[in-house]
Amino acid sequence: AQTVTQSQPEMSVQEAETVTLSCTYDTSESDYYLFWYKQPPSRQMILVIRQEAYKQQNATENRFSVNFQKAAKSFSLKISDSQLGDAAMYFCAFFSTSYGKLTFGQGTILTVHP
Amino acid sequence: GAVVSQHPSWVICKSGTSVKIECRSLDFQATTMFWYRQFPKQSLMLMATSNEGSKATYEQGVEKDKFLINHASLTLSTLTVTSAHPEDSSFYICSARDPDSGAGETQYFGPGTRLLVL
């Protein structure tokens, strides 16, 4: 079974600064995908970024980038130039191609201070 | 991008009644849809995987007779909470995969349904 661990229940950042959210996972599979989802107060889950495990290059989407360390089973999210609209709960998720299911971490609540 | 809708967005019902929640993929065909439950400030718990034209696969501990799932078409899955009780009050979220998108493992989520059972 896969497990996903987010060790930071809460994080805060000043507007315009950079913050990194941590995520580690445990799996014996070699073919999988990793995701970061954002859940703002509206509770709509929004895809932030996606990483294929077979790709060494770290995914980037505008101000969002990941640090994917496959050997260490680590998948952190970096948010640059933080904005007030980035305030949300962030979930790291693991997709198993064998089981076709997403496993979510516990979530990190991000607060952005003006 | 892929859009998933859910209806209703919130529902209040009396204990003992049944509630149906619809999940639709609006601009793609979803052979697989998923139903999750989420308690406040907690993570999403997968309840079941819904495949078009076949029976849903339920996660361990989820009562099949309590949470009826039907995936009658490639764009619609429904979750019916039968004989609802206050402990069934929760936030229910569906998601769908777009197998033709080139990123078929990516799940797109509906806006959720808040259920309150009195």
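Our structure's up above, just so we're on the same page.
So, a few notes on the structure that sits alongside this text. (Residues numbered from 1 in each chain as written. Chains lettered and ligands numbered in written order. Predicted model: local features only at pLDDT ≥ 70, side-chain atom pairs only at ≥ 80, totals over all residues. Heavy atoms only, no water.)

## A closer look at the packing of aromatic side chains
Phase 1 of the analysis: Taken as a whole and judged by the stated rule, the model has 15 aromatic pairs over all chains.
Phase 2 of the analysis: Centroid distance F67 of chain B to Y92 of chain B: 6.2 Å. Interplanar angle 45 degrees. Geometry classified as tilted. Taken together, the positions of F67 of chain B in strand β7 (residues 67-73) and Y92 of chain B in strand β9 (residues 90-97) put the pair 25 residues apart, joining distant regions of the chain.
Phase 3 of the analysis: With relative accessibility at 0%, the residue Y92 of chain B sits in the buried group.
Phase 4 of the analysis: These aromatic residues form a ring-pair network of at least three members: F35, Y37, F91 and F104 of chain A together with Y36 and F109 of chain B.
Phase 5 of the analysis: Just above the ring of F91 of chain B sits the side chain of R43 of chain A; from NZ or CZ to the centre is 4.0 Å. (Phe/Tyr/Trp six-rings, centres within 6.5 Å; stacked < 30°, edge-to-face > 60°. Helix = DSSP H or I, 4+ residues; strand = E, 2+ residues; numbered from the N terminus. Buried < 20%, exposed > 50% of the residue type's maximum accessible area, 1.4 Å probe, protein only. Lys NZ or Arg CZ within 6 Å of the ring centre and 35° of its normal.)

## As for the layout of surface pockets
Phase 1 of the analysis: In this model, the largest pocket occupies a volume close to 440 Å³.
Phase 2 of the analysis: In this structure, the largest pocket is lined by 21 residues; those nearest its centre are K101, L102 and T103 of chain A together with L46 and E59 of chain B.
Phase 3 of the analysis: Broken down by class, the residue content of the lining of the largest pocket amounts to twelve nonpolar, five polar and four charged.
Phase 4 of the analysis: Taken as a whole, the second largest pocket encloses approximately 260 Å³ of empty space.
Phase 5 of the analysis: Lining the second largest pocket are 13 residues; nearest its centre among them are Q39, P40, P41 and M89 of chain A together with K41 of chain B. (1 Å grid on protein atoms, 1.4 Å probe; cavity = no way out; pocket = protein on both sides within 12 Å on 5 of 7 lines; lining within 4 Å. Points joined across faces, edges and corners; volume = space filled by probe spheres on them. Nonpolar A, V, L, I, M, F, W, Y, C, P; charged D, E, K, R; others polar.)

## Here's the deal with the sheet that holds strand β8 (residues 76-81) of chain B
All names here are of chain B.
Phase 1 of the analysis: The strand order β1-β3-β8-β7 describes an open sheet built from four strands, whose pairing is antiparallel. The open sheet has two free edges, formed respectively by β1 (4-7) and β7, since each of these has just one partner strand. Each neighbouring strand pair of the sheet contributes to a mean axis angle of 15 degrees, computed without reference to strand direction.
Phase 2 of the analysis: Note that β7 and β8 share five bridges and pair antiparallel. (Pairing = 2+ DSSP bridges. Axes fitted to C-alpha atoms, helices over the stretch in contact; angles between N-to-C directions.)

## Digging into the environment of A1 of chain A
Phase 1 of the analysis: Along the chain, A1 of chain A turns up in the segment before β1 (3-5).
Phase 2 of the analysis: Along the primary structure A1 of chain A and T103 of chain A are separated by 102 residues, whereas in three dimensions their C-alpha atoms are 9.5 Å apart.

## As for the state of the cysteines
Two cysteines, two sulfur atoms, one covalent bond between them: this is a disulfide.
Residue and element names in this part refer to chain B.
Phase 1 of the analysis: This structure, assessed with the given rule, holds two disulfides over all chains.
Phase 2 of the analysis: A sulfur-sulfur distance of 2.0 Å marks the disulfide that ties C23 to C94. With the S-S bond torsion at 80 degrees, the cross-link from C23 to C94 turns out right-handed. Note that C23 is positioned in strand β3 (residues 19-25) and C94 in strand β9, a separation of 71 residues in sequence. C94 carries the same exposure label as C23, and that label is buried.
Phase 3 of the analysis: C13 takes part in no disulfide bond, and the closest cysteine sulfur to it belongs to C94, at a distance of 18 Å.
Phase 4 of the analysis: The exposure class assigned to C13 is buried, which follows from its relative accessible area of 9%. (Disulfide = S-S within 2.5 Å.)

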